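Here are the chains, one letter per residue:
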Amino acid sequence: MKIKRGDIYQIKLYLEPEKISDHNRRDNGTLSFTGVELIDAIVSVGMPDVYLTEKKIIDRKEEIYFKIRLFETFVSLLPKGELSFDLERKDYLDSTEVGAINYWLGMILTTVLGKKKYSYEYMVHLSMVLKLSSQPPIEKYQFLSANGKTTYKSPDLIAMNNLGGYYGVFESKGCSEYKKETMEKGFVQAKSIEKINTESPKNSLVVMTVTGKDKIEIIEKDPEGEEGRIKVNLSFLQMCHYLPIVELIVELGPEEQEDWTFGSLVYEEEKYSIGIPTILYKELLPIAEGKEENLLDEFLEKISSKETYLLDIVPDEARQHILHVK
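Predicted model, so just to flag it, every value in this text is computed and none were measured. (Residues numbered from 1 in each chain as written. Predicted model: local features only at pLDDT ≥ 70, side-chain atom pairs only at ≥ 80, totals over all residues. Heavy atoms only, no water.)

Caption draft 1: Summary view of the sheet that holds strand β5 (residues 122–125). If you walk across this open sheet you meet the seven strands as β2-β1-β11-β10-β8-β7-β5, and the pairing is mixed. Edge positions in the open sheet fall to β2 (26–34) and β5, since each of these has one partner strand only. Averaged over all neighbouring strand pairs, the angle between strand axes comes to 30 degrees, with direction disregarded. Contacts from helix α6 (residues 180–190) reach β8 (166–175), β10 (203–210) and β11 (217–221) within the one sheet, and its direction differs from that of β8 by about 160 degrees. (Pairing = 2+ DSSP bridges. Helix = DSSP H or I, 4+ residues; strand = E, 2+ residues; numbered from the N terminus. Axes fitted to C-alpha atoms, helices over the stretch in contact; angles between N-to-C directions. Contact = heavy atoms within 4.5 Å.)

Printed below as a string of structure tokens:
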């Protein structure tokens, strides 16, 4: 298939009861989204997970192209806008390759779901938060093992709605076929965080994307959180998410439009403008460029005393959709 900005895509949603062993799913509507909203998710998904690892040159534009190509290569479009894993291409793949593709499809579509259905502005990898767990913006609790490593119970993503001030927890599972054991493992992971900054997550979702049928479908399960608590500086979460996007805009060539800074992503016949408020872009640009040492440490020290720092500098009208893809 070719992702087209004006096309409408659809995925059937199902919901399971909150009890871990109850797998009697019911119809939960349809997730409908445009090509632009799909590109928005592709730009967002996965990027923070690789940031601030061992220093190396990162080609953000090529990263986005890779995910677009992967989606277009292995997903086919059905007549009514439903999506399907292209079975003809699947025949040439081994199980490891199918597993990797299912992972990325699951993460992309979970991001679409989180943004479109649940109105989360951004979703940050929990593993990214834990990488800097020794820094002031984070306090960690009992969902970590004794040696400080993430246990199998940790979910994939922490999500945030800026205007509403609420958090969500998401565990993404991409599978060829539905498996009760996988859903139950995801259930344990999703419920492992009871509190984020003293607040209960609005959602603690397992999101299973099943690709092996004639149509891709998503099954959700929403347990209540238990035991685990995490305190995360809000500006730190935003930094983890928007720094890689600043890097992408730099690679694309920044252009100011009123109070926004955009980069133009051209892929075959389609062109997308990807931008964030200029004031946020300029705040993070020196760190993204990495021209001066200790800038990150200085920034972490700044936000440790005021955790809403980055949100406060963004204009009120831009807070709900800080990342703008058009």
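Caption draft 2: Layout of the packing of helix α7 (residues 234–252) against helix α9 (residues 295–304). Where α7 contacts α9, the axes come no closer than 9 Å and their chain directions differ by 145 degrees. Note that α7 runs across α9; the crossing there is right-handed. For the pair α7 and α9, the contacting residues are Ser235, Phe236 and Met239 in the first and Leu296, Phe299, Leu300 and Ile303 in the second. (Left-handed = near helix turned anticlockwise from the far one by under 90°.)

Caption draft 3: Summary view of unusual backbone geometry. Positive phi, normally seen in glycine, also occurs at Asn197, with a value near 50 degrees. Here Asn197 shows up in the loop between β9 (193–196) and β10. Look at Asn197 and you get buried, because its relative accessible area is 14%. (Buried < 20%, exposed > 50% of the residue type's maximum accessible area, 1.4 Å probe, protein only.)

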